[in-house]
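Residues per chain are reported as follows:
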Amino acid sequence: MKIVNVETFLVPPRWLFCRVETDEGVVGWGEPVVEGRAEAVRATVHVLAEYLMGQDPLRIEDHWQVMANGGFYRGGPVLSSALAGLDQALWDIAGKTYGVPVHALLGGHVRDRVRMYAWVGGDEPAELAESIGARIEAGFSAVKMNAGGRMPALATVADIAGVVERVALAREILGPGRDVAVDFHGRVSAADARRILPLIAEFQPMFAEEPVLPDRPHLLRDVVTSSSVPVATGERLYSRWDFRPVLEAGVAVVQPDLSHAGGISETRRIAALAEVWDAKLAPHCPLGPLALAASLQVAFATPNFLIQEHSIGLHYNQGADLLDYVLDPEVFRFTEGYVSRPEAPGLGVEIDEAAVRRADQAGHTWRNPVWRHDDGGIAEW
Ligand SMILES: [Mg+2]
């Protein structure tokens, strides 16, 4: 079997899909994207595809090594995400070729269902109570929210009180039997993170996410030891080498994104590395159906998996949502906040190719907002 074609599709709201075709008619799909830089990843996919053309798609590891390390320069979001989507597509082809879901190729399932969490509130979570109530009603036992919106260089008493009040309110509504995770999005300074985490510890969030920016792993240990709140990070880390310092700093949860961190192949290795530090895997996934399907395949086969993110109904999904591109939305049905094990071959999701080709005609130019402080200086989004 040989790879004969690689195509990419720029689809709303902010995603990029790739389709890898073989001479035997087996087709694999993947989602290579960096939100806001989709066009750059698209170009990189086509550079990597030059090498893949004519190759046997089943030699996934060898292709991974060539694409990751064969170009001299390595790592970073654009290259690692292009590689990630192609890796997903190759695993999809392998599963379809052998007639089994990818988790069977990864050693078989180690759990029967996967716990999901749902987003509440937006970037500025104002109507938090209503939003949490709706998620409980839908059966979720865990939610994630932003700690807050734009934060100044050093937070005021009122800024900090705002974060604490939101976490307290979430805990009050959720009760002791459900979980809330708090995403700081790298918006606060490390100094503020050390002030805030001890104040929210009494509400026992499941984890505090990205309390410092991803390029500051040397500051993480002080934040981790500032409170009893488990610290999570990793949506902006791209390889096992990127994860080593944050694990050494004591993070409790690693959050590689299946579409950024080298795909299924590398995320499996990151999970195994995390096990050495007793850290759990909670894949980042505010993306589309292929990224989610790839995440679930890993979740079902990974012992130290914790919980899975998904983007259905997420505030970023304007103009299109995850289920718009699948023929079998049942595979993403959540029952009591859990998803069942996919049994279809490959990634386990059937892509609506006509809908994808139509959507690509419209394309998108999604960019994240640029936030500024009151004095005009740039703020973290
Ligand atoms: Mg996050």
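Residues numbered from 1 in each chain as written. Predicted model: local features only at pLDDT ≥ 70, side-chain atom pairs only at ≥ 80, totals over all residues. Heavy atoms only, no water.

Going by the annotation in an unreviewed UniProt entry, the name recorded for the chain is Galactonate dehydratase, with Streptosporangium subroseum given as the source organism.

## Quick notes on the coordination of the magnesium ion
Put simply, the rule is: In this listing, donors mean N, O and S atoms no farther than 2.8 Å from the metal, or 3.2 Å for Na, K and Ca; water is missing from the atoms, so a site can look incomplete. Strands are runs of DSSP state E lasting at least two residues, helices are runs of H or I lasting at least four, and both sets are numbered from the N terminus onward. Burial status follows relative accessibility: with a 1.4 Å probe on protein chains alone, a residue under 20% of its type maximum counts as buried, one over 50% as exposed, and anything between as partly exposed.
Each protein donor to the magnesium ion is listed here as D183 (OD), E209 (OE) and E235 (OE); together their distances run 2.0 to 2.3 Å. Spacing between the donor residues of the magnesium ion along their common chain follows D-x25-E-x25-E. With E209 in strand β8 (residues 208–209) and E235 in the loop between β9 (231–233) and α9 (240–248), this residue pair connects regions lying 26 residues apart in the sequence. Owing to a relative accessible area of 0%, E209 belongs among the buried residues under this scheme.

## Some words on the domain arrangement of the chain
Quick note on the threshold: The split of the chain into domains comes from an automatic or database domain assignment. A 1.4 Å probe defines the accessible area here, and the buried area is the portion of it lost by two parts on being joined, summed over both. Note on definitions: salt bridges are taken to be side-chain nitrogens of Lys or Arg within 4 Å of carboxyl oxygens of Asp or Glu.
Segmentation of the chain into domains returns domain 1 (3–100) and domain 2 (104–347). In this structure, domain 1 and domain 2 have C-alpha centres spaced 25 Å apart. Between domain 1 and domain 2, the buried area comes to about 2500 Å², and carbon and sulfur atoms account for 64% of it. When the buried area of domain 1 at its contact with domain 2 is split by residue, W15, Q88 and W91 rank highest and sum to 23% of it. Here domain 1 and domain 2 share 1 salt bridge between them.

## A look at the nonpolar core
Most often, soluble globular proteins keep nonpolar side chains buried together rather than apart. Applicable threshold: Put simply, buried Ala, Val, Leu, Ile, Met, Phe, Trp, Tyr and Cys residues joined by side-chain atoms within 4.5 Å make one nonpolar core. Contacts are assigned to residue pairs that have any heavy atoms within 4.5 Å of one another.
The biggest cluster of nonpolar side chains holds 114 residues, and the ones touching the most others in it are F17, L86, F184, I200, I264, Y325 and F332. In terms of residues, this core owes the most to one element, helix α11 (residues 289–301), which gives 10 residues. Split by domain, this core shows at least three residues from each of two domains, domain 1 (3–100) and domain 2 (104–347). Other than its neighbours up to four places away in sequence, Y325 contacts V11, P12, W15, F17, P289, A320, E350, I351, D352, A355, V356 and A359.

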